[in-house]
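# Chains, contacts and geometry: an overview
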Amino acid sequence: MNPRQITKAFERLRKHTPAPTTELDYRSEFELLVAVILSAQATDVSVNLATEKLYGVANTSQAIFELGEKKLAGYIRTIGLFNTKAKNV
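A brief look at the structure comes next. All values derive from a computational prediction rather than experimental measurement. (Residues numbered from 1 in each chain as written. Predicted model: local features only at pLDDT ≥ 70, side-chain atom pairs only at ≥ 80, totals over all residues. Heavy atoms only, no water.)

### Considerations on the pattern of salt bridges
One pass over the structure, following the stated rule, counts one salt bridge. A salt bridge links Glu-31 to Arg-27; the shortest N-O distance between them is 2.8 Å. (Salt bridge = Lys/Arg side-chain N within 4 Å of Asp/Glu carboxyl O.)

This is how it looks when you write it as structure tokens:
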């Protein structure tokens, strides 16, 4: 798509859905970012169950970094591809 086509596509989307929402639970933009990363090939319900526990312990980039990849994987193990997703987060 060229830039003009992209702009038109976004204009149509904005007209159709001016205030888009999601079923993912989040309280900050960072939490939404993590939830979206985790949602690849997973249901929003399964992501919400995992992030509810995770965000109670770590809901900032620093807290997740301090948690570490292995412990993060433990919190999201109910989501498919959790090892790869933990590494990516």
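### So, helix α2 (residues 29-38)
Side chains of residues three or four places apart in an α-helix project in the same direction, reflecting 3.6 residues per turn. For α2, every residue scored as buried is listed here: Glu-31, Val-34, Ala-35 and Leu-38. Projected onto a plane normal to the axis of α2, the buried residues spread over an arc of 100° and lie on a single side. Looking at the packing, one finds that the buried side of α2 touches α3 (44-57), α4 (61-67) and α6 (82-88). (Buried < 20%, exposed > 50% of the residue type's maximum accessible area, 1.4 Å probe, protein only. Helix = DSSP H or I, 4+ residues; strand = E, 2+ residues; numbered from the N terminus. Arc of directions from axis to C-beta. Contact = heavy atoms within 4.5 Å.)

### Digging into a nonpolar patch on the surface
On the surface, a nonpolar cluster with roughly 450 Å² of combined accessible area is contributed by Met-1, Ile-6, Phe-10 and Leu-13. Looking at the secondary structure, you find Phe-10 in helix α1 (residues 3-16). (Patch = residues over 30% accessible without salt bridge, like charges linked within 9 Å, V, L, I, M, F, W, Y side chains within 5 Å. Areas by Shrake-Rupley, 256 points an atom, 1.4 Å probe, with all protein chains shown as cover.)

### Concerning the environment of Glu-52
Summarising the element assignment, Glu-52 is placed in helix α3. Assessed through its relative accessible area of 61%, Glu-52 is described here as exposed. C-alpha separation for the pair Glu-52 and Tyr-75, spaced 23 residues apart in sequence, amounts to 9.5 Å.

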